[in-house]
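Below are the chains, spelled out letter by letter.
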Amino acid sequence: CGKTHLLRAAAGAARQRGGRVAAFDANSRVPWNLGETDRLIVLDDCECYDALQQHAAFALFVEAASAAVPVLAAGRLPPTDLALRDDLRSRLGWGLVFQLVAPTDAQVRALLQQEARHRGIALGDDVLDYLQHRCARDLSHLMTLLDRLDRYSLAAKRSVTVPLVRQMLSANT
């Protein structure tokens with residue numbers, strides 16, 4: 001539904017303002033440390049943290065609170081429903097908690113169209129239909145696919161069409 005995408009956007013915005021970001025997810029190996037110049041901590045996939053990662057995340061919360069560094073975190077469930085250590089679960093619930101709902105097909109189309117326009121790509125309804133019916137429907141995958149399409153169409157010096165999409169997808173399988 002876009003949680004990771006939003007975390008990445010927030011991290012990117014912090015970096016554009018000159019801040020350093022410490023970002024961790026379930027694939028990040030411990031130890032996790034808060035650097036002196038870190039201005040934001042991002043924790044993704046919190047529901048997947050093992051015992052060591054949960055300990056590291058809690059320690060980061062403590063350090064961040066004393067250094068006034070904001071923490072952004074995401075998980076599949078509200079913090080109170082996550083199967084985590086009690087102290088970490090309570091820290092995750094300290095601030096604002098938002099539920100993100102997966103976008104409808106129409107909203108996904110609109111988001112893809114908007115992002116494509118932002119990049120200067122014309123996506124016809126036939127291309128959008130093709131993507132929605134033949135590709136994974138999660139927004140993260142579709143945005144990654146749009147990145148690939150952008151690069152591929154520039155390299156091929158061709159407009160984004162269904163044949164170009166087919167060619168790109170068959171070249172990468």
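Above this note sits the structure.
Residues numbered from 1 in each chain as written. Predicted model: local features only at pLDDT ≥ 70, side-chain atom pairs only at ≥ 80, totals over all residues. Heavy atoms only, no water.

Engineer: Summarise the overall build of the protein chain; cite the residues concerned and give the values.
Structural biologist: Each helix and strand in the protein chain was counted, giving seven helices and three strands. Ordering the α and β elements of the protein chain from the N terminus gives α-β-β-α-β-α-α-α-α-α. Seen through its C-alpha atoms, the protein chain measures out along the principal axes to roughly 55 × 35 × 30 Å. In the protein chain, buried positions account for 35% of the 173 residues. Across the protein chain, every contact between residues at least 6 apart in sequence was considered, and the portion connecting residues at least 24 apart equals 57%. For the protein chain, the accessible surface area stands at approximately 10500 Å², while carbon and sulfur atoms represent 52% of it. Within the protein chain, one finds 21 positive and 19 negative side-chain charges whose respective centroids are separated by 6 Å. (Helix = DSSP H or I, 4+ residues; strand = E, 2+ residues; numbered from the N terminus. Buried < 20%, exposed > 50% of the residue type's maximum accessible area, 1.4 Å probe, protein only. Contact = heavy atoms within 4.5 Å. Areas by Shrake-Rupley, 256 points an atom, 1.4 Å probe, with all protein chains shown as cover. Lys, Arg positive; Asp, Glu negative; His and termini not counted. Charge placed at Lys NZ, Arg CZ, Asp CG, Glu CD.)

Engineer: Go over the packing of helix 6 (residues 139-156) against helix 7 (residues 162-171), please, and point to the residues and values.
Structural biologist: At a closest axis distance of 10 Å, the pairing of helix 6 and helix 7 adopts a crossing angle of 105°. What the angle tells us is that helix 6 and helix 7 run roughly perpendicular. Side by side, helix 6 and helix 7 meet where Leu 145, Arg 148, Leu 149, Tyr 152, Ser 153 and Ala 156 of the first sit next to Leu 164, Val 165, Gln 167, Met 168, Leu 169 and Ala 171 of the second. Of the residues in the contact of helix 6 with helix 7, the class split is nine nonpolar, two polar and one charged. (Axes fitted to C-alpha atoms, helices over the stretch in contact; angles between N-to-C directions. Parallel < 35°, antiparallel > 145°, perpendicular 65-115°, else oblique. Nonpolar A, V, L, I, M, F, W, Y, C, P; charged D, E, K, R; others polar.)

Engineer: Report on the sheet that holds strand 1 (residues 20-24), specifying residues and quantitative values.
Structural biologist: If you trace the three strands from one edge of the open sheet to the other, you get 1-2-3, paired in parallel fashion. Looking at the sheet topology across the chains shown, the edges are occupied by strand 1 and strand 3 (71-73). Each neighbouring strand pair of the sheet contributes to a mean axis angle of 20°, computed without reference to strand direction. Sheet contacts for helix 1 (residues 3-16): strand 1, strand 2 (38-43) and strand 3; angle to strand 2, the most-contacted strand, approximately 170°. (Pairing = 2+ DSSP bridges.)

Engineer: So, the layout of surface pockets: which residues are in play, and what are the values?
Structural biologist: The space that makes up the largest pocket amounts to roughly 820 Å³. Forming the boundary of the largest pocket are 25 residues, of which Ala 73, Ala 74, Leu 96, Val 97 and Phe 98 lie nearest the centre. Listed by contribution, the elements that provide at least two residues to the lining of the largest pocket are helix 1, strand 3 and helix 3 (86-92). For the lining of the largest pocket, the class distribution of residues is 19 nonpolar, three polar and three charged. Its boundaries defined by the atoms lining it, the second largest pocket holds a volume of some 310 Å³. When residues of the lining of the second largest pocket are traced back to their parent elements, those giving at least two are helix 1 and helix 6. For the lining of the second largest pocket, the element with the most residues is helix 1, which contributes four residues. (1 Å grid on protein atoms, 1.4 Å probe; cavity = no way out; pocket = protein on both sides within 12 Å on 5 of 7 lines; lining within 4 Å. Points joined across faces, edges and corners; volume = space filled by probe spheres on them.)

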